[in-house]
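Architecture and fold: a report
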Amino acid sequence: MLLIIPYAASHSFGASDDGNALPRPRLQKLLGLMQLDRQWLEDPQSSLCMPHERAMADVLGWDAQSQALPWAALQVARQGAVTTQAWAWMTPCHWQVGMDQVLMPDPQALALTEAQSKALMHAVSPLLHEDGLQLHWHDSHHWLLEGDLLDGLACASLERVCGHNVKHWLPQGPGARTLARLQSEIQMLLYHHPVNETREHQGQAPVNAFWLHGAGRLENRASANRVAARMPMELRDSALRGDLQAWRMAWQDLDAGPVAALLEHVQRSGEGTLILCSESRAQRFVARQAGGFERLLRKLRPTPLARHLQALTLP
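Residues numbered from 1 in each chain as written. Predicted model: local features only at pLDDT ≥ 70, side-chain atom pairs only at ≥ 80, totals over all residues. Heavy atoms only, no water.

Section: the environment of histidine 192
Relative to the helices and strands, histidine 192 resides in the loop between α6 (176-190) and α7 (194-201). Linking histidine 192 and lysine 29, residues 163 residues apart in sequence, is a C-alpha distance of 56 Å. (Helix = DSSP H or I, 4+ residues; strand = E, 2+ residues; numbered from the N terminus.)

Examining helix α10 (residues 258-269)
Given a rise of 1.5 Å per residue, 12 residues ought to cover 16 Å, and the 16 Å separating the end C-alpha atoms of α10 matches this to within 8%. What α10 keeps buried is the set Pro258, Val259, Leu262, Leu263, His265 and Val266. The buried residues of α10 occupy one face: seen down the axis, they fall within an arc of 165°. Along its buried surface, α10 packs onto β1 (2-5), α1 (25-31), β2 (34-41), α9 (244-256), β9 (273-277) and β10 (281-287). Taken from the residues just after α10, glycine 270 is the one with a positive phi, measuring 75°. (Expected span 1.5 Å × (residues − 1). Buried < 20%, exposed > 50% of the residue type's maximum accessible area, 1.4 Å probe, protein only. Arc of directions from axis to C-beta. Contact = heavy atoms within 4.5 Å.)

Some thoughts on the sheet that holds β9
A sheet is described by the order of its strands in space; here four strands give the open sequence β1-β9-β10-β2, paired in mixed fashion. Each end of this open sheet is capped by a strand with a single partner; those strands are β1 and β2. Going from strand to strand, the sheet's axes swing by 15° on average, the running direction of each strand aside. Where β2 and β10 come together, seven bridges link them in antiparallel fashion. Bridging across to β10, glutamine 35 finds its partner in valine 286. Across the sheet, α10 is in contact with β1, β2, β9 and β10; its angle to β1 comes to roughly 150°. (Pairing = 2+ DSSP bridges. Axes fitted to C-alpha atoms, helices over the stretch in contact; angles between N-to-C directions.)

Brief notes about the packing of α9 against α10
At a closest axis distance of 3 Å, the pairing of α9 and α10 adopts a crossing angle of 25°. Considering their axes alone, α9 and α10 lie roughly parallel with respect to each other. On α10, the residues touching Trp251, Asp253, Leu254, Asp255 and Ala256 of α9 are Pro258, Val259 and Ala260. Of the residues belonging to the contact of α9 with α10, the class tally is six nonpolar, no polar and two charged. (Parallel < 35°, antiparallel > 145°, perpendicular 65-115°, else oblique. Nonpolar A, V, L, I, M, F, W, Y, C, P; charged D, E, K, R; others polar.)

Next up, the structure:
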């Protein structure tokens, strides 16, 4: 049983989360039954993927050094499609254009309705089709894009770009120039789209761009059938918003749910793995059998939870 917790600690909160302000009794007890097995860094200034994505890629048996992780193709394979094509997630988003930078807030904050998202998708599909790209519906914030242009395309994770200058994270690869042109054409197309006119009239941000992520071909098709780790994403939105109160409430739910389930499993079987992640670091803990003296020592002098969480946000 493997549990990966993204945003278990976040740079968004700095010293505001010292690990002591929020009781997480099951997490503390679980860590007392485990030992730190491995930790790693995904440099937030250069790595295209997030630590929790790297952890899941490792579970799936993907290349440990790759910066191009084909999450979209994995989704297509898990839906039962047999394809050797390259795929990518395409997320409609809003770019805030400034004097010297272009910022992208979290696209989830747009709260697109299904009708709005489908109308925008149908509007941009013909432009993409002219360059051999096929667009497929998945949900309001995730469309599936298919085509040869996506092969070998290195794309930054959506979370890497949220709140940052998109110019530092633009896709790289053989099809990057064509996709940059399509970005400009789609921006012009959407400028006066009825969905955006309605949104702006209601005081909502318009959709004026898209972000590609999770691009590539699924070379290891067997990975689609592997039982992946559980990876609850409840902490993501509040961490990206910098909403400490909502993040703490989400942590309480996690402690009472997935963490409690893993704790029960470890207590029963003596086996289990927990991976805690921030935006830059990850720590993997594995269950281990301890002798009587070590169990007593753990109980009398447990490692403070704060120490584990603070280690995730070290510079």
